[in-house]
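# Secondary and tertiary structure notes
Residues per chain, in single letters:
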Amino acid sequence: MTLRTRITLLTAGLLFVTLLLLGFALEGLLRSFLYRNLRGELLEASNQVVRLLNLGGQALLEAGLPPSLYAEVQLLPEENPSLLAREGGISLQRSPALGSQRLVLKEPDYRTLLQAGEVWTEVGLPREGRPLSLLVYGRKVEVSLGGTVWKGILLVGKPTEDLEATLAQFARIYAGTALLVLFLALLLARRLVARALEPLEWVARKAEAMSARPEPLPEPETEDEVAALVKALNGMLSRLQEAFEAQTRFLQDASHELRTPLTAILGHVGYLLRRTPLTEAQRESLEVVKREAERMGKLVSDLLDLSQSGTWRIEPVPLRVLDLLEEVKEEFAKSFEGEIRVEAPEGLYVRGDPDRLHQVLANLVSNALKAGARRVWLRAFDLGDKAVVRVEDDGEGIPEEHLPHLFERFYRVDKARDRERGGSGLGLAIAKAILEAHGGEIWAESEVGKGSAFSFSLPASGPPPPPR
Ligand code: ADP
């Protein structure tokens with residue numbers, strides 16, 4: 001998951017939790033506000049009912065109460081609330097809203113009422129469909145009805161339906177708005193995060209575009225974290241560059257230093273072989289010294305070459321691929337008894353350094369010959385913006401597990417055998433470095449017993465301008 005997605009999701013997650021908590025808090029506040037109002041209304045209504053009953057009994061109750069108020073006065077059975085609970089007791093007066101129905105509390109509610117003098121509870125009135133839910137306030141009262149003073153309990157209730165509907169409506173509107181806000185915030189967060197990360201992506205692009213040699217990244221003019229990051233990276237790059245240069249210098253010095261004694265050894269061995277009478281055993285020994293010194297000479301010059309690869313100045317010019325291939329064929333044709341075939345489109349040009357590309361091709365052909373090829377096929381293909389050159393042979397082939405490592409320095413398929421054949425194990429690494437310096441690539445395919453094919457790509461070019 002990208003950093004951008006992670007930050008966006010985190011922001012959205014936080015916002016979601018905040019909106020959810022806010023929603024619950026608002027709903028709670030609204031609920032308590034609405035219920036507080038309802039309780040106030042019920043308290044007020046209970047006082048009014050008592051007043052009306054004391055004034056004139058049922059007739060006034062019918063005229064003076066709002067139609068949505070459910071009120072009932074029940075006779076108070078002194079210490080036996082279960083009587084009231086089971087049957088609703090004896091109802092003395094009822095509001096018109098109740099009709100023939102009764103307000104019946106649960107037994108524990110009656111007990112509370114009798115003990116505390118009042119109770120708040122919810123009562124369901126049977127109705128078609130869902131029962132009607134009421135918030136009921138009960139209190140002890142004394143009312144005089146028809147001249148007699150009755151001790152009883154007064155229950156007043158109002159339906160909570162409207163209130164619950166208001167709360168449900170609020171929840172729906174809030175959820176819709178919250179979803180919209182969440183969606184907009186997600187879009188906005190994505191944009192803002194993308195903008196905030198842009199400088200980092202810019203640094204990554206610059207670092208990616210960097211060539212094999214570490215170069216300092218352009219420092220942004222701002223004074224922010226990205227500038228600090230670029231400065232830190234540049235510090236690290238310059239330390240790397242120093243280490244890299246020190247290593248290269250060491251390799252170059254070592255190679256130069258090794259060349260002089262090697263030249264001396266070869267000179268003296270050559271002299272001894274040509275000019276002095278030798279026994280057969282001495283000659284054989286000197287031949288071995290000569291062969292090994294030559295091999296070491298190649299190794300040293302390859303090492304020197306590779307150590308300088310960071311500083312190569314490739315000056316590409318348009319080159320006709322057919323000419324390049326023909327030159328290599330010519331070079332090997334003299335010493336090679338097998339067949340070298342060349343096949344390339346007439347008008348195929350690449351941009352490259354002629355000597356370096358010749359070096360690559362010569363290395364590939366010499367590897368093919370070392371692998372016992374009887375036939376080498378040099379082919380080139382035009383792929384539009386690039387050209388692919390392929391060196392195919394029918395040599396011994398390379399086991400598959402070695403293919404990914406062939407271009408590593410000092411990698412040999414069969415150490416003893418390849419050393420015998422005079423290789424340094426650096427040829428393909430040099431070829432790869434040369435091709436990468438040209439902006440190309442190299443890869444290998446092979447089948448043991450059938451042969452190998454090494455292909456490389458190079459940027460294509462138009463023909464050179466005609467000389468004036
Ligand atoms: P060297 O300079 O020793 O030839 P390279 O880097 O050119 O080293 O090649 C690495 C190894 O890859 C060689 O040791 C050889 O075993 C193997 N190799 C390269 N080309 C071929 C080929 N055409 N056929 C078989 N093996 C090959």
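Let us look at the structure shown here. The structure displayed is predicted, hence computed values, not measured ones. (Residues numbered from 1 in each chain as written. Predicted model: local features only at pLDDT ≥ 70, side-chain atom pairs only at ≥ 80, totals over all residues. Heavy atoms only, no water.)

## Remarks on the layout of surface pockets
Computed from the structure, the largest pocket encloses a volume of approximately 840 Å³. Taken together, 40 residues line the largest pocket, and the ones lying closest to its centre are Asn367, Lys370, Asp418, Gly423 and Gly425. Going through the elements one at a time, helix H7 (280–307), helix H9 (354–370), helix H10 (415–420), helix H11 (427–437) and strand E12 (451–461) are the ones with two or more residues in the lining of the largest pocket. A per-element tally of the lining of the largest pocket places H9 first, with 8 residues. Taken together, the residues of the lining of the largest pocket break down into 14 nonpolar, 11 polar and 15 charged. (1 Å grid on protein atoms, 1.4 Å probe; cavity = no way out; pocket = protein on both sides within 12 Å on 5 of 7 lines; lining within 4 Å. Points joined across faces, edges and corners; volume = space filled by probe spheres on them. Helix = DSSP H or I, 4+ residues; strand = E, 2+ residues; numbered from the N terminus. Nonpolar A, V, L, I, M, F, W, Y, C, P; charged D, E, K, R; others polar.)

## Focus on empty space enclosed by the protein
Scanning the model with the defined rule gives 1 cavity of 30 Å³ or more in all. Space inside the largest cavity adds up to approximately 50 Å³. As for the largest cavity, its lining consists of Val321, Leu324, Leu325, Val350, Leu357, Leu361, Val389, Phe456 and Leu458. Of all the secondary-structure elements, those providing two or more residues to the lining of the largest cavity are helix H8 (321–333), H9 and E12. Counting residues per element, the lining of the largest cavity draws most heavily on H8, which supplies 3 residues. The class makeup of the residues in the lining of the largest cavity is 9 nonpolar, no polar and no charged.

## Here's the deal with the site of the ligand
Every one of the 21 residues lining the ligand counts as a neighbour, but Asn367, Asp393, Asp418, Gly425 and Leu428 are closest to it. Contacts to the ligand include Gly427, whose backbone N or O atom sits 3.3 Å from an oxygen atom. Between Leu428 and the ligand, the recorded distance is 2.8 Å, taken from a backbone N or O atom to an oxygen atom. When the ligand sits alone it has 540 Å² of accessible area, and the protein chains cover 97% of it. Here the ligand occupies the largest pocket. Within the residue set of the shell around the ligand, elements represented by two or more residues are H9, H10, H11 and E12. A total of 4 residues in the shell around the ligand trace back to one element, the largest contributor, which is H9. In the shell around the ligand, the residues fall into 9 nonpolar, 7 polar and 5 charged. (Near = heavy atom within 4 Å. Polar contact = N/O pair within 3.5 Å; in protein donor to acceptor, adjacent residues only side chain to side chain. Areas by Shrake-Rupley, 256 points an atom, 1.4 Å probe, with all protein chains shown as cover. Sits in = over half its atoms within 2 Å of the grid points.)

## Overview of the pattern of salt bridges
Scanning all chains against the criterion turns up 18 salt bridges. Between Arg4 and Glu201 there is a salt bridge; the shortest N-O distance is 3.2 Å. Remark: Glu201 occurs in helix H5 (residues 161–209) and Arg4 occurs in helix H1 (residues 3–56); sequence separation between them is 197 residues. Where salt bridges share partners, they join Arg379, Arg390, Glu392 and Glu445 into one cluster. (Salt bridge = Lys/Arg side-chain N within 4 Å of Asp/Glu carboxyl O.)

## A look at a nonpolar patch on the surface
Where nonpolar side chains cluster on the molecular surface, the patch consists of Phe16, Val17, Leu20, Leu21 and Phe24 and spans about 520 Å² of accessible area. Within the fold, Val17 resides in helix H1. (Patch = residues over 30% accessible without salt bridge, like charges linked within 9 Å, V, L, I, M, F, W, Y side chains within 5 Å.)

## Focus: the packing of H1 against H5
Pairs of packed helices are described in terms of their axes, by the angle between the two and the distance that separates them. The N-to-C vectors of H1 and H5 enclose an angle of 160 degrees; their axes lie 8 Å apart at closest approach. Classified by the interaxial angle, the pair formed by H1 and H5 is roughly antiparallel. Seen along the crossing, H1 lies across H5 with a hand that is right-handed. Taken together, the residues of the contact of H1 with H5 break down into 25 nonpolar, 4 polar and 6 charged. (Axes fitted to C-alpha atoms, helices over the stretch in contact; angles between N-to-C directions. Parallel < 35°, antiparallel > 145°, perpendicular 65-115°, else oblique. Left-handed = near helix turned anticlockwise from the far one by under 90°.)

## Side note on the sheet that holds strand E4 (residues 132–145)
Ordered by their spatial adjacency, 5 strands build an open sheet running E2-E1-E5-E4-E3, and the pairing between neighbours is antiparallel. The open sheet terminates on both sides in strands that have one partner only, identified here as strand E2 (91–94) and strand E3 (118–125). Mean inter-strand twist for the sheet, computed between neighbouring axes without regard to direction, equals 30 degrees. Summarising the sheet, E4 and strand E5 (residues 148–159) pair through 12 bridges and their orientation is antiparallel. Bridge assignment links Val143 to a residue of E5, and that residue is Trp150. Its contacts with the sheet place helix H4 (residues 107–116) against strand E1 (70–75), E3, E4 and E5, and it is angled at close to 155 degrees to E3. (Pairing = 2+ DSSP bridges. Contact = heavy atoms within 4.5 Å.)

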